[in-house]
Amino acid sequence: MAKTENGRQSVDTRSIRTISSSHIDDESSLGSDSEINGFTSDRQTDKYGFIGGAQQYTEASAKDVPPEVLRQREVKWLDMLSHWDKWMIKRFNKELDSEAGDPKWLDVIEKDLHRQFPFHEMFVSRGGHGQQDLFRVLKAYTLYRPEEGYCQAQAPIAAVLLMHMPAEDAFWGLVQICEKYLPGYYSPGLEAIQLDGEILFALLRRVSPLAFRHLEKHKIDPILYMTEWFMCAFSRTLPWASVLRVWDMFLCDGVKIIFRVGLVLLKCMLGTREKLKACQGQYETMELLRAIEPRYMQEGFLVREILEVPVTAREVEREHHTQLKRWKKNRGELNFKSPPRMHGARLIMLAEPPRRQDLLQNPTILLEMPQHNTKLKKGKEEKNSKKKNSMKKSKPIEEIPNPYSLPNDPPPPPSDPPAPPPVSSKTPETVPQAAPQTETNSPHQQQAPPTDLPPPKESPLQRSTQSLSSTDQDTYL
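You'll find the protein entered in an unreviewed UniProt entry as TBC1 domain family, member 10Aa, with Dicentrarchus labrax given as the organism.

How would you sum up the overall build of the protein? Please name residues and give values.
Along the protein, the regular secondary structure elements total 23 helices and two strands. The buried share of the protein, reckoned over its 477 residues, is 39%. When contacts within the protein are restricted to residue pairs at least 6 apart in sequence, long-range pairs at least 24 apart make up 73% of them. Summed over all atoms, the accessible surface of the protein reaches about 29,700 Å², with 54% contributed by carbon and sulfur.

Outline the packing of aromatic side chains, listing residues and values.
Applying the stated criterion to the full structure yields 14 aromatic pairs. Seen in terms of ring centroids, Phe201 and Phe212 are 4.5 Å apart; in terms of plane orientation they differ by 35°. Their pairing is tilted. Of this pair, Phe201 sits in helix α8 (residues 191-207) while Phe212 sits in helix α9 (residues 209-217), and the two are eleven residues apart along the sequence. For the residue pair Phe201 and Phe212, the accessibility class agrees, reading buried in each case. An angle of 50° between the planes, with centres 6.3 Å apart, marks the rings of Phe230 and Phe234 as tilted. The residues Phe230 and Phe234 share a single accessibility class, namely buried. Ring pairing ties together the aromatic residues Tyr225, Trp229, Phe230, Phe234 and Phe259, which thus form one cluster.

Provide a residue-level description of the environment of Gln176, including the pertinent values.
Examined against the element boundaries, Gln176 turns out to sit in helix α7 (residues 167-181). Take Gln176: its relative accessible area is 6%, and that puts it in the buried class. Along the primary structure Gln176 and Leu251 are separated by 75 residues, whereas in three dimensions their C-alpha atoms are 10.0 Å apart.

Could you give me a rundown of the side chain of Ser208, with the residues and numbers involved?
Among the secondary structure elements, Ser208 is positioned in the loop between α8 and α9. The class of Ser208 is buried, set by a relative accessible area of 4%.

Just give me the short version of the side chain of Glu319, but keep the residues and values in it.
Considering the arrangement of structural elements, one finds Glu319 in helix α17 (residues 313-331). No salt bridge is formed by the buried Glu319; its nearest oppositely charged neighbour, Arg326, is found at 5.9 Å. Beyond its immediate sequence surroundings of up to four residues, Glu319 is in contact with Ile199 and Ala202.

Can you explain the nonpolar core? Please cite residues and give values.
Residues Phe171, Leu174, Tyr185, Tyr186, Tyr225, Trp229 and Phe230 are the most contacted members of the largest nonpolar core, which totals 94 residues. The element best represented in this core is helix α12 (residues 256-270), accounting for eleven residues. Excluding anything up to four places from it in sequence, Phe230 contacts Leu182, Tyr185, Ile193, Leu200, Ile258 and Phe259.

Provide a residue-level description of unusual backbone geometry, including the pertinent values.
Peptide bonds are, in most cases, trans, and in most cases residues other than glycine have a negative phi. Here Leu190, not a glycine, exhibits a phi torsion of approximately 50°, which is positive. Within the element layout of this structure, Leu190 appears in the loop between α7 and α8. Residue Phe234 is not a glycine yet carries a positive backbone phi of 60°. Tracing the backbone shows Phe234 in the loop between α10 (223-231) and α11 (240-253).

Before we move on, can you summarise the pattern of salt bridges with the specific residues and values?
By the definition in use, this model includes 15 salt bridges. The salt bridge partner of Arg245 is Glu299, with a shortest N-O separation of 2.8 Å. Here Arg245 is found in helix α11, whereas its partner Glu299 is found in helix α16 (residues 299-308), with 54 residues between them in sequence. In this structure Glu299 comes out as buried when scored by relative accessible area, which is 7%. By sharing partners, the salt bridges in this structure join Arg145, Glu147, Glu179 and Lys180 into a single network.

Account for the environment of Glu191, naming residues and giving values.
Looking at where Glu191 falls in the secondary structure, it is placed in helix α8. A relative accessible area of 10% means that Glu191 is categorised as buried. For the pair formed by Glu191 and Trp327, sequence separation is 136 residues and the distance between their alpha carbons is 9.9 Å. Excluding residues within four positions of it along the chain, Glu191 makes contact with Trp327, Leu334, Asn335 and Phe336. A polar side-chain atom of Glu191 sits 3.0 Å from the main-chain amide nitrogen of Asn335.

Would you mind going over the confidence of the model for the protein in detail, with residue names and values included?
With 61% of its residues at a pLDDT of 70 or more, the protein shows a mean pLDDT of 75. Across residues 1-31, confidence stays below pLDDT 50; counting only partners more than four residues off in sequence or on other chains, it has 48 contacts. Of the regions scoring below 50 in pLDDT, residues 463-477 engages in eight contacts with residues more than four places distant in sequence or in other chains.

Just give me the short version of the packing of α10 against α12, but keep the residues and values in it.
It is the contact of α10 with α12, at a shortest axis distance of 10 Å, that shows an interaxial angle of 140°. Relative to α12, α10 is oriented oblique. Of the two elements, α10 crosses α12, and the hand of that crossing is right-handed. Residue-level contacts link Tyr225, Trp229 and Phe230 of α10 to Ile258, Phe259, Gly262, Leu265 and Leu266 of α12. Counted by class, the contact of α10 with α12 contains seven nonpolar, one polar and no charged residues.

Conventions we followed
- Within every chain, residues take consecutive numbers counted from 1 along the sequence as written.
- Predicted model: local features are reported for residues with pLDDT of at least 70 only, side-chain atom pairs are reported and counted for 80 or more only, and whole-chain, interface and lining totals are derived from all residues.
- Values shown for side chains rest on all heavy atoms present in the structure; no hydrogens or waters enter the calculation.
- Helix and strand definitions follow DSSP, with helices as H or I runs of at least four residues and strands as E runs of at least two, each counted in order from the N terminus.
- Burial here depends on accessible area, computed with a 1.4 Å probe over protein chains only, as a share of the maximum for the residue type. Under 20% is buried, over 50% is exposed, and the range in between is partly exposed.
- Residue contacts follow a heavy-atom distance rule, with two residues in contact if any of their heavy atoms lie within 4.5 Å.
- In these tables, accessible area is a Shrake-Rupley quantity obtained with a 1.4 Å probe, and a residue counts as shielded only by the protein chains included in the view.
- Stacked, tilted and edge-to-face are the three classes assigned to paired rings of Phe, Tyr and Trp, where Trp is represented by its six-membered ring and a pair needs centres within 6.5 Å; plane angles under 30 degrees give stacked, over 60 edge-to-face, the rest tilted.
- Neither His nor the chain ends is counted toward charge; the positive residues are Lys and Arg and the negative residues Asp and Glu.
- We define a salt bridge as a contact between a side-chain nitrogen of Lys or Arg and a carboxyl oxygen of Asp or Glu at a distance within 4 Å.
- Within this scheme, the nonpolar core is defined by two criteria: the residues are buried Ala, Val, Leu, Ile, Met, Phe, Trp, Tyr or Cys, and they are joined through side-chain atoms within 4.5 Å.
- Polar contact is the term for a pair of N or O atoms within 3.5 Å; when the atoms are in protein, one must be able to donate a hydrogen and the other to accept it, and sequence-neighboring residues count only if both atoms are side-chain atoms.
- A score from 0 to 100, pLDDT tells how confident the predictor is in each residue.
- Lines fitted to C-alpha atoms define the axes here, with helix axes fitted over just the stretch in contact, and angles between the N-to-C directions of these axes take values from 0 to 180 degrees.
- In what follows, roughly perpendicular refers to angles from 65 to 115 degrees, roughly parallel to angles under 35, roughly antiparallel to angles over 145, and oblique to any angle outside these ranges.
- Working rule for handedness: look at the near helix, and if it is turned counterclockwise from the far one by less than a right angle, call the crossing left-handed; if clockwise, right-handed.
- Under the scheme applied, nonpolar residues are Ala, Val, Leu, Ile, Met, Phe, Trp, Tyr, Cys and Pro; charged residues are Asp, Glu, Lys and Arg; polar residues are all the others, including Gly.

Okay, here's the thing in structure tokens:
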């Protein structure tokens with residue numbers, strides 16, 4: 001049965017199921033879901049997996065991208081995917097997939113499965129592997145955040161992630177989007193999306209004053225036209241080539257890209273007087289915004305316009321504080337306090353770098369140490385241990401009496417160590433530098449210490465006097 005959705009006609013997925021599909025086991029995940037559902041081979045699938053619908057890629061709806069541009073994007077994504085754990089994934093030790101889940105959420109999720117991209121070969125079949133994975137991801141989130149539960153706008157977000165990654169990675173990607181990129185969007189009451197609607201309307205005053213005055217004149221609240229845009233990240237509005245480009249920028253730069261896309265569409269549809277002539281009231285304006293002209297959603301045009309919109313993350317945050325104060329003044333405190341919003345992957349990585357403990361427990365690459373390196377390491381460890389042992393065994397240095405005492409010095413007491421001799425001006429002249437090695441009959445040799453004393457050693461005082469006695473070697477004299 002045909003139904004109208006966003007100003008376009010779409011076909012209920014129950015009407016495209018053939019009679020022969022009733023004899024096929026819906027639990028089977030072998031082969032393409034389009035084949036399981038009875039589609040013949042003459043139905044052409046586009047490069048994104050769509051077999052029909054408004055988001056199917058055609059030459060008339062989007063221009064071909066040059067091969068060198070596609071190659072450049074491929075290289076960029078290969079680099080990002082090689083470091084995917086730093087970009088998106090945050091792993092925990094949970095077993096959410098094996099738990100039963102809350103029955104009230106499971107029933108709602110089951111009813112929404114067939115509504116998510118019914119013309120994509122991954123989700124076209126009831127009970128196919130795409131719908132099974134989508135059910136697992138959404139059920140796991142209700143267990144992960146039981147205070148939030150399930151919101152219908154989370155289903156297309158999870159479905160887009162499942163088109164590009166396994167179910168487990170898609171779940172953690174959904175967690176990051178719900179907690180970091182769009183916090184509070186899917187919580188009860190939808191207060192965060194209403195607040196962002198006011199932010200969008202305030203930014204529109206500067207970007208397109210004509211569109212702002214028209215919406216204000218007809219009292220069209222932002223929540224009427226921007227809810228699906230923002231909560232689904234334009235995944236149900238734009239052609240698929242444009243969806244992928246918008247999501248690339250959104251995941252890298254944050255929610256300011258979502259605001260820019262909304263501002264571009266409002267400016268293109270309501271930013272000229274010729275456009276406003278066709279919508280003289282609220283109903284006509286809403287119908288115009290539900291049926292955006294395809295040329296404004298084309299990939300090349302849309303991306304250029306997004307980059308030219310003068311809206312930064314700082315301006316979004318500044319306007320957020322302004323609208324939050326106004327909200328509290330008119331409506332009171334928020335019922336659901338969401339965590340602060342992170343503007344892009346770079347800030348998320350800076351805020352939560354990977355823990356060293358996690359990297360040690362889950363290494364991605366294991367390298368064998370070369371044999372010569374291990375020997376050097378063992379040698380260094382043995383050397384360090386010997387040095388520590390020698391330091392432990394070392395005793396304090398005992399003072400040794402001066403063997404070259406002066407004639408009038410009293411003999412030292414036998415029990416106590418001898419006191420250092422007084423420094424006199426005659427010492428450098430009377431004590432030659434090589435006195436212990438000469439055999440001349442000097443008065444100092446006649447008063448040498450007894451033979452039972454230890455061999456003479458230089459004291460710190462003697463070394464200091466010798467250094468002062470040599471004017472040739474001392475650079476300060």
